Amino acid sequence: MIKYCDYSIVFQEIPDEVTLAVNISCCPNLCHGCHSPWLREDHGEPLTHESLHALINRYSGEITCICFMGGDGDPYNIESLSLYAKDSFPEIKTAWYSGRDTLAVNVKPASFNYIKLGAYIEELGGLKSKNTNQRMYKITSGGEMEDITNKFHK
């Protein structure tokens, strides 16, 4: 079961989007220097289709995207939540920040509009660093992953 700890409206995680970032707990990745180590713990409220619907509805008209920040412990549930959001709110884009280097087997990129892949490696920095190993992808209408990481570099 996916649980979320908190959420906030953010402007930097997804280029050109006003994003409702939902922090998912039970992160299995143990990235050294992680900026959100509390997300490794099992706490928070269940993130179900119903609770996701209520969250998006609450900020309808204010956000253009919802981003699942984590969820690597249950990627198929994250995909299901994204598909539910896309179906229920076609005007809202969906995104996933994964700490894995590749998508889980059978997770389809087209289930999202954006996907960030890559563990946080402190020496390489996050998406804003030109040396980062992390990659942000915009998913094309054909389901291809277009690397847009350079949009984070100033």
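The structure contained in this document is the topic of the report that follows. (Residues numbered from 1 in each chain as written. Predicted model: local features only at pLDDT ≥ 70, side-chain atom pairs only at ≥ 80, totals over all residues. Heavy atoms only, no water.)

Within the element layout of this structure, Ser51 appears in helix H1 (residues 49–58). A distance of 3.2 Å separates the side chain of Ser51 from the backbone oxygen of Pro46, its partner in a polar contact. Polar side-chain contacts of Ser51 include one of 2.8 Å to the backbone nitrogen of Thr48. Aside from chain neighbours lying at most four places away, what touches Ser51 is Tyr4 and Pro46. (Helix = DSSP H or I, 4+ residues; strand = E, 2+ residues; numbered from the N terminus. Polar contact = N/O pair within 3.5 Å; in protein donor to acceptor, adjacent residues only side chain to side chain. Contact = heavy atoms within 4.5 Å.)

Moving on: the state of the cysteines. All chains considered together, the criterion is met by 0 disulfides. The closest cysteine sulfur to the non-disulfide-bonded Cys67 is located on Cys65, 6.2 Å from its own sulfur. Among the residues examined, Cys67 registers a relative accessible area of 0% and is labelled buried. (Disulfide = S-S within 2.5 Å. Buried < 20%, exposed > 50% of the residue type's maximum accessible area, 1.4 Å probe, protein only.)

This brings us to the sheet that holds strand S3 (residues 45–46). If you trace the 8 strands from one edge of the open sheet to the other, you get S3-S1-S2-S4-S5-S6-S7-S8, paired in mixed fashion. Lying at the two open borders of the sheet, with one neighbouring strand each, are S3 and strand S8 (145–147). Looking at chain direction, strand S6 (residues 114–117) and strand S7 (residues 135–139) are connected through 4 bridges and run antiparallel. Its bridge partner lying in S7, Lys116 is registered against Met136. On the sheet, H1 packs against strand S1 (3–10), strand S2 (19–24), S3 and strand S4 (65–69) and is oriented at approximately 15° with respect to S1. The strands touched by helix H2 (residues 75–88) are S2, S4 and strand S5 (93–97); relative to S5, the strand with the most contacts, the crossing angle is about 165°. (Pairing = 2+ DSSP bridges. Axes fitted to C-alpha atoms, helices over the stretch in contact; angles between N-to-C directions.)

We note that Asp16 has phi near 65°; this positive angle belongs to a residue other than glycine. Turning to its location among the elements, Asp16 is positioned in the loop between S1 and S2. Although it is not a glycine, Asn106 adopts a positive phi angle of roughly 75°. For Asn106, the position within the fold is in the loop between S5 and S6. Given a relative accessible area of 61%, Asn106 falls into the exposed group.

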